[in-house]
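Fold and geometry: a report
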Amino acid sequence: MRQISKITLILFLMLTIFIVGCSNSVSNGSDSEGEIKIGVIQPFSGPNAQAGEETFKGNELAVDEINANGGLLGKKVKLIKADATNAQEAISEAERLISKEKVDIITGTYLSGVAFPATQIANKHNVLYWETNALAPNITQQGFKNVIRIGQNSDTFASVAVDSIKNVVAPALGKSVKDLKIVIIHEQSIYGTSIGEMEEERLKDLGAQVLKRIPYDPAAADLSSVVNLSKNENPDIWLRTGYVNDGSLLLKQARDIGWKPPVIIGVADDSTYLLDALGKDGMEGILSISYPPYDVSEDYAPGIEAMMKSYKEKYGSDPKIPQTLVSFGGTKILFDLIKNAESTNADKIRESALKMDVEIGGTYPTGYGVKLDPGTLDNTRAYPVLTQWQDGKIRTIYPSEAVGTDAKIKLPLQGW
Amino acid sequence: MGQIIISGILLGGIYAIVSYGLTLIFGVIRVINFAHGSLLMVGMFMAYYLSKGMNLNIYLMMLIVVPLMFILGVLIQKYLLSKVINEPDMQLFVTFGLLLLFENVMLAVTKGEFFSLDMNMGTIPIGSLVLDWGRLINLVAAIVLAILLLLFLNHTKIGWAIRAVSQNRYAAGIIGLRVERLYILAFGLGSACIGIAAVLLTPIYTIFPHVGFNFVIVSFAVVILGGLGSIPGALAGGMIIGLLESLSGYLIAPELNQIVWYLLFLLVLFFRPAGLFGIAGSEEGGVK
Amino acid sequence: MSQSNSIQTANSKLSKNKIYAVAGLFILCIVPLLLSQEQYYLDIVFQAFLFAALASSWNIIGGFGGQHSFGHAIFFGIGAYTTAILFMNYQISPWISIWIGMLISLFVAFIIALPTFRLRGAFFSIATLIINQLVLVLVLYYKEITNGSQGILLPYEPSFKNMIFENRMAFVYIAFSFMLITIFVSYIVLKNKLGYQLQAVRENQDASRILGVNPFWVKMNGLFISVALTSMGGSIYAMYIRFVDPYLILSVAEIGAMFVLITMIGGMGTLSGPIIGAILMMPIDILLRGSLGGVRPGLNIVVFSLLLIIVALFFKEGIVGTVKNKLEQRKTKLLGEYSVETDKTRNEVNPNAESS
């Protein structure tokens, strides 16, 4: 008995050494010139693994597409995954991608906390860091010449939220902006805080009454205090920024005390997981400031239908979170830039990116335009849209050029 | 305000039911079981998949989940923890390993996706106040389970034996109790209690591989606050922490909702380490 | 007389064996990585050294003194935050703020220890764990000082004064020196009165009091040394990562518990245990993440945790303790005697074996 267990131990240890050793030799061996390597840093483990995985699928679909069409600069494109859930792991994995896997470009990142150290490493090696997802404003304020954010940021989220309230929500309620009573709630990390603070500031500038801004812990087992504090203010609009599991808990707890404000707006609340949690009736009428959703018109976002189709073929379901589309669109822009620059060099891509001037809508599957801010290298034409849950489906409401169907906003919300 | 107190009591019910399993395991075997939360998560996934797969009411799943969790607990104690029974350090180490293992096996299986039961059980209005069925059922179950466990521990032979071991394992061994087997039983029972909690929480929470993590610290606090191994203590401890969390979230700030019970917990620990319902001095026996 | 002599020579031989073992392990695991000069491997070596040092620091109060603190991330965080805040706001060099962080840590340690040292065993562990959570909540809440959940991002301005280097090798040297310092301090503690007193308190606090030891102050002195070193590690870590993220720095699971686990698997209360634990655990964790992290979510941690559990079951008293016992058994077999001394050394290796 002891003998056997000793053998299992030895076998297991050998297996581990084998795996570790193998991975080293394989990656060193395949250092060929025939492909363009793109490293993808995402949280593939930990609590955000699902988001990391779904975001990666966007990269993957874009790469499949370009490889099917003969590749890029005559080479095949290859993705290399790197799993980082915190700053420490981000350093290790970014170093691995650059110094061992010899990637040409790094892209990411669902977590801003991972983006900070990873961009620093990429900067040290002057490798292009192609940011498609992270929202924290200071990622692009580090003065790095190699970090380009092609996706949206907290600033654009907040401004779309405020614009939608002014242009769509207030008229639908038949009130002027100055009469609107608003409670802002947001999860307490940099993602929620940066958006929540900007929303508060801009809504106040418009003259709306922001009654309260409530940060909360997204991992809390109970959010009844947030719900009750919001309810006490009796707001017209309940404006939320958070994740999936705290979002479903908040909505459920509001339902459990029978409270439904006239308008609920969430950031990225068009995830199908919320539909699973609250059902078709529960989500009916809830608005979402989101990455472009999957029902924007083909005219506004050319290629979105093809992407939906290939997603379903490859993964067997409809896309689950909107971030997949964002990384898909972002990767396609990257490929165009590589073609223009005829290189994967960070400086050359930056030069050609700064020259790029694409209007919003009509070019990329996200509907994003491209015009970089020369200082921060943020894309100034990446805007989210306003959507509404109607009959268990996501409908784009605003801006009007993005609206695919003839969906109209339906407000105020009916009770639960 | 009334609504806040109701929320607090209902939350207390959740914290209490999550802690019974830990009070049995921690109280008897005296191991800091980091895997507690991940066992809860495993139970929730079991309940969810079974309920979806068989298309039956979630609460019926208790009949299957509880025995399965009992077996899982027995296996853990018998084949892992009892191998290091004299090494408290390594027991703790193994439970931490199990925490990582369970979470990440489920992560590898589900790829971290979120699962929710779409179950709107409705609410019960009482005047201007509202209760929800999911948490109310949980609260009633927490009270009933406390009574059942109390009856079991106080009025059955096995219950006496378990209590004897929890009070002094060496003396219990001397009077002829088979300590190792009782440990296995205690872990199994504790795990079964976690199974009950898992079924009751499945309609309330969104399930994903890390859902149990946040219940670990609060469960330890409940168990120590109430008194190690004391079932009524766990119920009371859960209520106190639930109420404090709800009230301080409302009155101070939701960001600080845990700070008051952290402080109360520390105060109790410093002035009455045996906990509110524990026998004074009991904290010194065996806990090292 | 001759018996005790023979045991002594056995012991000295054993400690020589141990030195060889550590040196061998060191050469096996670290040197090839160092030689490669590849940034990725240098990062692994840095983390291994740093966590070896941090686990050694924890070991002074946790291993020698038997006080299993789960709240050492607090002092790690104090070091990191002090360095980062002083660097950002007052341009104070980390080489200076390291010492300020240590002073603050000593003060905080005193405040925390006043009540918690009344507690024993698991109760002490859980109290420190809750205090760690309390500190995290406060750090997130007091944004004016700590920048809240956004954390503090340090600019990349390489210079010796800033403790930011272009070449990662410099950090490897710093971590290595830090590790040598902690080993040296641990050795001094162990060989001096404080070490014996700490072990006496660990074995039996009440009995030690009878012998004239004041358990409170003995533990407090041990804690002071331990947290000062931990805070130093936090400062180095902050300058290495250049992003002080409260959710990482003050995380029980990723920082505080790591010190404990590394020490446990290596060998609680031994000099070489924490070093061996870290030099094994850290590289395996990082390399597994690199090789399996992209295959399937969480697969790397599944393998890692299985490895931890299996090692724990085979090295029940930690790697150092178990190996030492095995050698001891062989020795006594050779000598043909079974002496009481053997049991004594066994207890020294693992304090908690039967003492509960």
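Cut-offs and rules
Residues numbered from 1 in each chain as written. Chains lettered and ligands numbered in written order. Predicted model: local features only at pLDDT ≥ 70, side-chain atom pairs only at ≥ 80, totals over all residues. Helix = DSSP H or I, 4+ residues; strand = E, 2+ residues; numbered from the N terminus. Buried ≥ 20, exposed ≤ 12 C-beta atoms within 10 Å, placed from the backbone. Contact = placed C-beta atoms within 7 Å. Rg over C-alpha atoms; globule rule 2.2 N^0.38 Å. Nonpolar A, V, L, I, M, F, W, Y, C, P; charged D, E, K, R; others polar. Core = buried A, V, L, I, M, F, W, Y, C linked by C-beta atoms within 7 Å. Domains from an automatic or database assignment. Expected span 1.5 Å × (residues − 1). Pairing = 2+ DSSP bridges. Axes fitted to C-alpha atoms, helices over the stretch in contact; angles between N-to-C directions. Parallel < 35°, antiparallel > 145°, perpendicular 65-115°, else oblique. Left-handed = near helix turned anticlockwise from the far one by under 90°. Right-handed = clockwise from strand over helix to strand, strands pointing away. pLDDT = per-residue confidence, 0-100. Bend = angle between axes of the 7 residues up to and from the residue.

For the rest of this paragraph, the subject is the overall build of chain C. Across its full length, chain C holds 17 helices and 2 strands. Per-residue burial over chain C gives 56% buried out of 356 residues. Of the contacts formed within chain C by residues at least 6 apart in sequence, a portion of 76% connects residues at least 24 apart.

Secondary structure summary: chain A contains 12 helices and 12 strands in total. Rg of the C-alpha trace for chain A: 23 Å, near the compact-globule value of 22 Å for 416 residues, within the 12% margin. Projected onto its principal axes, the C-alpha coordinates of chain A cover approximately 65 × 65 × 40 Å. A burial count over chain A gives 61% of its 416 residues as buried. Sequence separation of 24 or more characterises 67% of the internal contacts of chain A that already satisfy a separation of 6 or more.

Take the interface of chain A and chain C next. Every contact between the two is made by 34 residues of chain A and, on the other side, 33 residues of chain C. Counting only elements with at least two residues in the side of chain A that touches chain C, the list comes to helix 1 (2-29), helix 2 (49-68), strand 2 (76-83), helix 3 (87-100), helix 4 (112-124) and helix 6 (190-206) of chain A. With 10 residues, the single largest contributor to the side of chain A that touches chain C is helix 3 of chain A. Per-class residue counts for the side of chain A that touches chain C are 12 nonpolar, 14 polar and 8 charged.

The subject of this paragraph is the nonpolar core. Among soluble globular proteins, nonpolar side chains are generally buried collectively. Among the nonpolar cores identified, the biggest contains 356 residues, and Ile 106 and Ala 118 of chain A together with Ala 186 of chain B are the most heavily contacted of them. Both of domain 1 (31-152 + 298-382) and domain 2 (155-290 + 385-402) of chain A provide at least three residues apiece to this core. Not counting residues within four places of it along the chain, the set of residues in contact with Ala 186 of chain B comprises Leu 24, Ile 25, Val 28, Ile 29 and Ile 162 of chain B.

This next bit is on the interface of chain B and chain C. At the junction of the two partners, chain B supplies 41 residues and chain C supplies 44 residues. Of all the elements in the fold, those that place two or more residues in the side of chain B that touches chain C are helix 4 (88-110), helix 9 (213-226) and helix 11 (259-271) of chain B. With 13 residues, the top contributor of residues to the side of chain B that touches chain C is helix 4 of chain B. When the residues that make up the side of chain B that touches chain C are grouped by side-chain class, the tally is 26 nonpolar, 6 polar and 9 charged.

With respect to the secondary-structure elements, Glu 254 of chain C resides in helix 13 (residues 252-266). With 17 C-beta atoms packed within 10 Å, Glu 254 of chain C lands in the partly exposed category. The spacing of Glu 254 of chain C and Ala 73 of chain C is 181 residues in sequence and 9.0 Å in space, taken between C-alpha atoms. Setting aside residues up to four positions removed in sequence, Glu 254 of chain C forms contacts with Asn 86 of chain A together with Leu 248 of chain C.

Every α-helix carries 3.6 residues per turn, so stepping three or four residues along brings you back to the same face. Residues and elements named next belong to chain A. Taking 1.5 Å per residue, 12 residues should reach 16 Å; helix 9 (residues 272-283) reaches only 10 Å between its end C-alpha atoms and comes up short. Listing the buried residues of helix 9 in full gives Tyr 273, Leu 274, Leu 275, Ala 277, Leu 278, Gly 282 and Met 283. Buried residues along helix 9 sit against helix 8 (244-256) and strand 11 (385-390).

In this section: the sheet that holds strand 11 of chain A. Residues and elements named next belong to chain A. Overall, mixed pairing links the 7 strands, which are arranged 7-6-8-9-10-11-12 in an open sheet. What marks the edges here is a single partner per strand, and that holds for strand 7 (209-216) and strand 12 (393-398). Strand-to-strand twist of the sheet, defined as the mean angle between neighbouring strand axes without regard to direction, takes the value 25°. As defined by bridge partners, strand 11 adjoins strand 12 across 5 bridges and the pair is classed as antiparallel. Across the sheet, the residue bridging to Thr 387 is Thr 396, located in strand 12. Against the sheet, helix 7 (residues 224-233) makes contact with strand 6 (181-187), strand 7 and strand 8 (237-241), and its axis sits at roughly 175° relative to strand 7, the strand it touches most.

Turning next to the environment of Ile 104 of chain C. One can find Ile 104 of chain C in helix 5 (residues 94-116). Along the chain, Ile 104 of chain C and Leu 180 of chain C lie 76 residues apart, while their C-alpha atoms are 23 Å from each other.

Next up on the list: the domain arrangement of chain A. All names here are of chain A. Domain annotation of chain A identifies domain 1 (31-152 + 298-382) and domain 2 (155-290 + 385-402). Relative placement of domain 1 and domain 2: their C-alpha centres are 28 Å apart. Across the contact, 12 residues belong to domain 1 and 14 residues belong to domain 2. In terms of residue class, the side of domain 1 that touches domain 2 is built from 7 nonpolar, 4 polar and 1 charged.

Packing of helix 7 of chain A against helix 1 (residues 2-29) of chain B brings their axes to within 10 Å, and their N-to-C directions diverge by 170°. In terms of axis orientation, helix 7 of chain A runs roughly antiparallel to helix 1 of chain B. Once helix 7 of chain A is placed against helix 1 of chain B, the crossing between them reads as right-handed. When helix 7 of chain A is examined against helix 1 of chain B, the residues Ser 224, Ser 225 and Asn 228 of chain A are found in contact with a partner set consisting of Gln 3, Ile 4 and Ser 7 of chain B.

Moving on, we come to unusual backbone geometry. The amide bond that connects Tyr 398 of chain A to the next residue, Pro 399 of chain A, takes the cis arrangement and shows omega of 0°. Geometrically, the link from Leu 411 of chain A to Pro 412 of chain A is a cis peptide bond, its omega value of -5° lying close to zero. With respect to the secondary-structure elements, Pro 412 of chain A resides in the segment after strand 12. At Asn 234 of chain A, a residue that is not glycine, the phi angle is positive and equals roughly 50°. Relative to the assigned elements, Asn 234 of chain A resides in the loop between helix 7 and strand 8. Taking the C-beta count within 10 Å as the criterion, Asn 234 of chain A has 12 such neighbours and is therefore assigned exposed. Even without glycine at this site, Gln 91 of chain C takes up a positive phi of about 50°.

A few words now on the sheet that holds strand 1 (residues 35-42) of chain A. Residue and element names in this part refer to chain A. Strand order in the open sheet formed by 5 strands is 2-1-3-4-5, with parallel pairing between adjacent strands. At either margin of the open sheet sits one strand with a lone partner, and together these are strand 2 and strand 5 (147-149). Strand-to-strand twist across the sheet, computed as the mean angle between neighbouring axes with direction ignored, equals 25°. Contacts from helix 2 reach strand 1, strand 2 and strand 3 (105-108), with the element oriented near 170° to strand 2. Along the sheet face, helix 3 touches strand 1, strand 2 and strand 3 and points at about 155° away from the line of strand 2.

This next bit is on the pairing of strand 7 of chain A. All names here are of chain A. Where strand 6 and strand 7 come together, 7 bridges link them in parallel fashion. Residue pairing across strands places Glu 187 opposite Tyr 216, the latter belonging to strand 7. With helix 6 bridging strand 6 and its parallel neighbour strand 7, the resulting β-α-β unit is right-handed.

A residue-level look at chain A finds 92% of positions with pLDDT of 70 or above and a mean pLDDT of 87. Predicted confidence is poor over residues 25-31 of chain A, with pLDDT under 50, and the contacts of this stretch with residues over four places away or in other chains come to 3 contacts.

Attention now goes to helix 3 (residues 39-64) of chain C. All names here are of chain C. Here helix 3 is 26 residues long and its end C-alpha atoms lie 36 Å apart, about the 38 Å a rise of 1.5 Å per residue gives. The sharpest bend along helix 3 comes to roughly 40°, located at Trp 58. Within helix 3, 26 of the 26 residues are buried, which leaves the element mostly enclosed by the surrounding structure. Downstream of helix 3 by a residue or two, Gly 66 has a phi angle that is positive, lying close to 70°.

All names here are of chain A. For strand 9 (residues 263-267), the tally of buried residues reaches 5 of 5 residues, placing the bulk of the element in the interior. Burial of the side chains of strand 9 extends over both faces: Val 263, Ile 265 and Val 267 are buried on one face and Ile 264 and Gly 266 on the other. Judged from the 5 bridges that link them, strand 8 and strand 9 form a sheet pairing that is parallel. Bridging from a neighbouring strand, Trp 238 pairs with Ile 264 of strand 9. Running through helix 8, the crossover from strand 8 to the neighbouring parallel element strand 9 is right-handed. Note that strand 9 and strand 10 (residues 287-290) share 3 bridges and pair parallel. Bridge assignment links Ile 265 to a residue of strand 10, and that residue is Leu 287. For the segment spanning strand 9, helix 9 and strand 10, crossover handedness is right-handed.

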